[in-house]
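These are the residues of each chain, in order.
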Amino acid sequence: MTHQLKIEGVMKAFGQHQLLSGLAFTCNTGDIIGILGRNGCGKSTLLKIIFGTEHTYDKNIQINGHPCPTPYQKGNQLAYLPQQGFLPTHLSLKQIIRLVIPSADKRNYIYKHERIQHHLTKKITQLSGGERRFFEVLLLVNRAVKFVLLDEPFSGIEPLYKTAIQDLLNDYRDELGFIITDHDYESILKAADQVLLIKDGSLIPIRQLPQLEQHNYVPDGTFTKADQQDSEQNHKPFEVDSQTLRDLDLLNNKHPGLIMQLFNRASSEGGQKKIHDWMTHPHTNGEKLTNRRNAIRFFHETGLSLDFPTKKMEFVLHYLNAGIVIQADNPVDILIQYIKEKIHSSNDYFLMTEGVKAVIRLLNYLLHFTQSFNQPDIPYPLKQLGFKVTQIEKQLLKNGVGVHLSIFQITKLHNHFNTMGEESLKELIDIYYQLGALQAIGTTAKKLNLCYSEYLDSETSLLELTGLFHPLIDHAVSNDFSLYHQQHLCFLTGANMSGKSTFMKALALSVYLAHLGFPVPAKHMKLSILNGLMTTINLSDNILQGYSHFYSEVRRVREAAERIKESKKVLVLFDELFKGTNVKDAADASLLVTKALAQIPNSLFVVSTHIVEIAEDLKTLPGVRFNCFEACWNNNTPEYDYLLKAGISSERLGMYIVEKEGIMEVLEAAKHA
């Protein structure tokens, strides 16, 4: 059921200062509304007014058309996350869940949640900042409410938990509406589908990101840098749709497929997120593709291993997210605090002293790891990362530190980390994640004996593969294949189970991986950079929209035509065109479409079919090549070699398979049962 939260005429003044002036907007179920604004502009005050805990005479709050001036008193309308959190610190997580969540089913769900189940006996104070914030949001979205207000859900927590909270919002948006505020505008922009800016007491809708520059919320150039504009103009996005991602087993409804899992083997969650992000953003920038390819190949060939202990990295993150306050740093105060801690130690003081040391260990490790990256033959991205590490060292350790840190040094470093050094630490951790991701992909490439594509700067389309195989098949048979301007459409035939679909998936997957800069399943690959990829291999009907299988196929062909028209250089694969209709219509439609595709020379096509009769009408067309997979017979049993051959296969094994499965015998027995 859709619900509506309507906010009108919100005004708030403190003395002579008018903070909010007639604010109005609407939030519906499914909306994620982000509210931005500078410190003191009234973001938190607005959320409290909506919730009903901040008093003002000038407001009109309605839920589903009914006035609701104090929703917090209802208990079943709004949930609110304040900046400082709201959970009791003396209870365990399990006790808090019992206290806050009335539904037994939802309690059990939270108990078993992968990010919560190992912390149920802990108290809130034992969680990191990110763990605590995620737990708070998870509790609120499982309350029996219609809308959730979140004040600063992303501030001061690690990137992994920012992403986890963003995922929570998306998971629950079908049943809830969200209003969120945060100074971390990048997280707001990622999470929200509507953005509003509070400025001078008014609410300004943000429809284009440069508006945030125009209203002086972010520095000039944040969203309008010339190099970003040039990149957009010079490099079209690599177009790929959800059907293709499902066909290739990359993503299925945002869940990672087997191919995604095959490559995403980084040891850290941050490294895994980095690989996931790379794998979902193919592009056409040849320089970037070449740089990433070379960086991955470096780890593949050298076997260099990033082996900073996972537990130590987790401790670094725990320290950085703990929010330990800045300490008094004059020598007398430091010494007094040190003596107090000797008498009665505190967790924060221990975490500060050991956390600073852990950060220094990480920094020194990465300095040592990247010290060879300034050699002439090292790929540019690795040189760049090595340079950044040395720059971060200068920013964090201006005067350098020895192996053994005094309490005076530790205190001053802690304060610096929490002020001027915060961004540098984030960048240092991101470098660690990047290196871990590159190493993991290189390790996969070495294990599976993958190769690296050669990119051609060519106006015409070219694709050439030697030893192509599918990486999910053990002892897979490899094949050579090519398409180019003069021979850009492959008409592929073969009997059932002969290998057509697997070959097409391997081909499309190699092209996709090449446009990530990733290694590909072949011995050698060469291609001109394409603008998109579109496959139709595992297409189904659409019950929700009332589409038959045949109509879905027709729509898919139209989508391909539109993609080719817009993007030009595209690889398109159709597996069994028009199998959802009768043989006569399928043959006529297949011939018509294949002839039309053959007239488009700058894109590349593979069309497979069992309707071999139309091949005769295609032989006279320029640009068409004929390939097939065949079976050989051994004692009246077909055997497959899965080798791609030139020509047209007229083998029919459908009746053999029916007979082999004993279908008629079972049906005959059923008749007399």
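On a predicted model such as this, the values are computed, not experimentally measured, just so you know. Every chain is numbered on its own, with residues counted from 1 as its sequence reads. Predicted model: local features are reported for residues with pLDDT of at least 70 only, side-chain atom pairs are reported and counted for 80 or more only, and whole-chain, interface and lining totals are derived from all residues. As a rule here, side-chain values cover all heavy atoms of the structure and leave hydrogens and water aside.

A. Examining the overall build of the protein more closely. A helix here means a DSSP run of H or I that spans at least four residues, while a strand means a run of E at least two residues long, and both kinds are numbered starting from the N terminus. A count of helices and strands for the protein gives 25 helices and 24 strands. In terms of its C-alpha atoms, the protein occupies a principal-axis envelope of roughly 90 × 65 × 60 Å. Think of it in three bands: with a 1.4 Å probe and only protein chains considered, a residue is buried below 20% of the maximum accessible area for its type, exposed above 50%, and partly exposed in between. Counting every position in the protein, which comprises 673 residues, the buried fraction comes to 50%. Contacts are assigned to residue pairs that have any heavy atoms within 4.5 Å of one another. Sequence-distant contacts in the protein: of pairs separated by 6 or more residues, those separated by 24 or more amount to 71%.

B. Quick peek at the sheet that holds strand β18 (residues 532-536). Judged by pairing direction, the sheet is mixed, and its six strands sit side by side in the order β18-β19-β20-β16-β21-β24 without closing on themselves. Edge strands, defined here as strands with exactly one partner in the open sheet, are β18 and β24 (645-646). Pairing between two strands requires that DSSP report at least two bridges joining them. Pairing analysis gives two bridges linking strand β21 (residues 624-629) to β24, with the strands arranged antiparallel. Within β24, the position partnered with Cys-628 by the bridge is Lys-645. Axis angles are defined between N-to-C directions and span 0 to 180 degrees, where every axis is a line fitted to C-alpha atoms and, for a helix, only to the segment in contact. Here helix α22 (residues 583-598) sits on the sheet and contacts β16 (489-494), β19 (570-575), β20 (604-608) and β21; the angle it forms with β16, its principal contact strand, is near 145 degrees.

C. Local environment of helix α20 (residues 500-514). Multiplying 1.5 Å by the residue count of a helix minus one yields the expected span of that helix. The end-to-end C-alpha distance of α20, which contains 15 residues, comes to 21 Å, matching closely the 21 Å that a straight helix rising 1.5 Å per residue would cover. What α20 keeps buried is the set Lys-500, Phe-503, Met-504, Ala-506, Leu-507, Ala-508, Leu-509, Ser-510, Val-511, Tyr-512, Leu-513 and Ala-514.

D. Geometry of the side chain of Asp-182. Its place among the elements puts Asp-182 in the loop between β8 (177-181) and α7 (185-191). Residues scored as charged are limited to Lys and Arg (positive) and Asp and Glu (negative), so that His and the chain ends carry no count. The term salt bridge refers to a pairing of a side-chain nitrogen on Lys or Arg with a carboxyl oxygen on Asp or Glu at a separation within 4 Å. Despite its burial, Asp-182 remains without a salt bridge, the nearest opposite charge being carried by Arg-133 at 6.8 Å. Pairs of N or O atoms are called polar contacts if they sit within 3.5 Å, as long as, within protein, a hydrogen donor faces a hydrogen acceptor (for residues adjacent in sequence, only side-chain-to-side-chain pairs). At a separation of 2.6 Å, a polar atom in the side chain of Asp-182 contacts the side chain of Ser-155. Within polar-contact distance, the side chain of Asp-182 engages the backbone nitrogen of Asp-184 at 2.9 Å.

E. Structural detail: the confidence of the model for the protein. Looking at the protein as a whole, the pLDDT averages 88, with 91% of positions reaching at least 70. Put simply, helix α9 (residues 226-234) is where the protein has its lowest mean pLDDT, 48, and strand β14 (residues 462-468) is where it has its highest, 97. The pLDDT value expresses, per residue, how confident the predictor is, ranging between 0 and 100. Predicted confidence for residues 226-232 stays below pLDDT 50, and this span has three contacts to residues more than four positions away or in other chains.

F. Highlighting the environment of Thr-609. When you line up the elements, Thr-609 lands in the loop between β20 and α23 (615-618). Every residue in contact with Thr-609, bar those within four places of it in the chain, is listed here: Phe-491, Leu-492, Thr-493, Gly-494 and Glu-576. Here the side chain of Thr-609 touches Ile-611 through a polar contact of 2.9 Å, landing on its backbone nitrogen.

G. Main features of unusual backbone geometry. Although it is not a glycine, Asn-64 sits at a positive phi angle of roughly 55 degrees. By the element assignment, Asn-64 lies in the loop between β4 (60-63) and β5 (66-67). Look at Tyr-642: it is not a glycine, yet its phi comes out positive at around 60 degrees.

H. The arrangement of the environment of Leu-160 in detail. With respect to the helices, strands and loops of the structure, Leu-160 is situated in helix α6 (residues 159-172). Judged by relative accessible area, which is 11%, Leu-160 ranks as buried. Along the sequence, Leu-160 and Gly-85 sit 75 residues apart, while their C-alpha atoms lie 19 Å from each other.

I. Local environment of the nonpolar core. As used here, the term nonpolar core means buried Ala, Val, Leu, Ile, Met, Phe, Trp, Tyr and Cys residues forming a set that is joined through side-chain atoms within 4.5 Å. If you look at the biggest cluster of nonpolar residues, it comprises 103 residues, and the most contacted ones within it are Met-279, Leu-382 and Leu-435. Here the element with the most residues in this core is helix α16 (residues 347-369); it accounts for 13 residues. If we ignore the near neighbours within four places in the chain, the residues touching Leu-382 are Ala-295, Phe-298, Phe-299, Phe-373, Leu-435 and Leu-438.

J. Spotlight on the packing of helix α12 (residues 269-279) against helix α19 (residues 422-448). α19 packs onto α12 with a crossing angle of 70 degrees between their chain directions and a minimal axis gap of 8 Å. Put simply, α12 runs roughly perpendicular to α19. Note on packing geometry: the crossing formed by α12 with α19 is right-handed. Contacts between α12 and α19 involve Gly-270, Gly-271, Lys-274, Ile-275 and Trp-278 on the former and, on the latter, Asp-430, Tyr-433, Gln-434, Ala-437, Leu-438, Ala-440 and Ile-441. In the scheme used here, Gly and all other residues not listed as nonpolar or charged are polar, with Ala, Val, Leu, Ile, Met, Phe, Trp, Tyr, Cys and Pro taken as nonpolar and Asp, Glu, Lys and Arg as charged. In the contact of α12 with α19, the residues fall into seven nonpolar, three polar and two charged. Our angle categories are set so that under 35 degrees counts as roughly parallel, over 145 as roughly antiparallel, 65 to 115 as roughly perpendicular, and the remainder as oblique. Helix crossings are classified by the rotation of the near helix relative to the far one: an anticlockwise turn of less than a right angle makes the crossing left-handed, while a clockwise turn makes it right-handed.

K. Just the sheet that holds β14, in detail. Within the open sheet, the four strands sit side by side as β13-β17-β14-β15. Their pairing is mixed. What marks the edges here is a single partner per strand, and that holds for β13 (454-456) and β15 (479-484). When strand polarity is set aside, the average angle formed by the axes of neighbouring strands in this sheet is 10 degrees.

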